[in-house]
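# Structural overview for review
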Amino acid sequence: MANQNSNRINVPEARQAMNNMKYEVANELGINLKQGYNGDLASRDAGNIGGNMVKKMIEAQEKAMSGQR
């Protein structure tokens, strides 16, 4: 069976912004995220980073849809 990675960026131009957001959220949560490999990162911490990223993206989209800044 082929390896399928679901962590792909649908808009390649957003790759750097997504990466920056990941480090910003990790910093806000007090999670030490290193450049490169983070295999020693607890699943709970990785989930917190991803969940908070999604929360921020939804909030930004809701504001954009309502005309707020």
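Reference entry: report on the structure contained in this document.

So, about the layout of surface pockets. Taken as a whole, the largest pocket spans an internal volume of roughly 640 Å³. Considering the residues around the largest pocket, the lining is formed by 23 residues, among which N7, I9, M18, K22 and M53 are closest to the centre. Breaking the lining of the largest pocket down by element, the ones donating at least two residues are helix 1 (15–29) and helix 2 (43–66). No other element matches the six residues that helix 2 contributes to the lining of the largest pocket. Classifying every residue of the lining of the largest pocket gives 12 nonpolar, seven polar and four charged.

Now for the packing of helix 1 against helix 2. Where helix 1 meets helix 2, the axes come as close as 9 Å, and the angle between the chain directions of the two elements is 115°. In terms of orientation, helix 1 and helix 2 fall into the roughly perpendicular class. The element helix 1 and its partner helix 2 pack so that their crossing is right-handed. Across the interface between the two elements, M18, M21, K22, E24, V25, A26, E28 and L29 of helix 1 pack against N48, I49, N52, M53, K56 and M57 of helix 2.

How each quantity is defined
Position numbers for residues start from 1 in each chain and track the written sequence from start to end. Where local features are concerned, this predicted model is filtered to residues with pLDDT of at least 70; where side-chain atom pairs are given and counted, the filter is 80 or more; whole-chain, interface and lining totals use all residues. Side-chain measures were taken over the full set of non-hydrogen atoms in the model, leaving aside hydrogen atoms and water. In this analysis a 1.4 Å probe is tested at points of a 1 Å grid over the protein atoms alone, and where it fits but cannot get out there is a cavity; an open set with protein on both sides within 12 Å along at least five of seven lines is a pocket; lining residues have an atom within 4 Å of a point. Grid points are joined across faces, edges and corners, and a volume is the space filled by probe spheres set on the points. Numbered from the N terminus, helices here are DSSP runs of H or I no shorter than four residues, and strands are runs of E no shorter than two. Each residue is assigned to one of three groups, with Ala, Val, Leu, Ile, Met, Phe, Trp, Tyr, Cys and Pro labelled nonpolar, Asp, Glu, Lys and Arg labelled charged, and all others, Gly among them, labelled polar. Fitted lines through C-alpha atoms give the axes, limited to the stretch in contact for helices. The angle between two N-to-C directions lies from 0 to 180 degrees. These descriptions rest on fixed angle ranges, namely under 35 degrees for roughly parallel, over 145 for roughly antiparallel, 65 to 115 for roughly perpendicular, and the rest for oblique. Crossing handedness: left-handed means the near helix sits turned counterclockwise from the far one by under a right angle, and right-handed means the same turn made clockwise. The criterion used for residue contact is that any of the two residues' heavy atoms lie within 4.5 Å.

The values are spatial; any link to function lies outside them.
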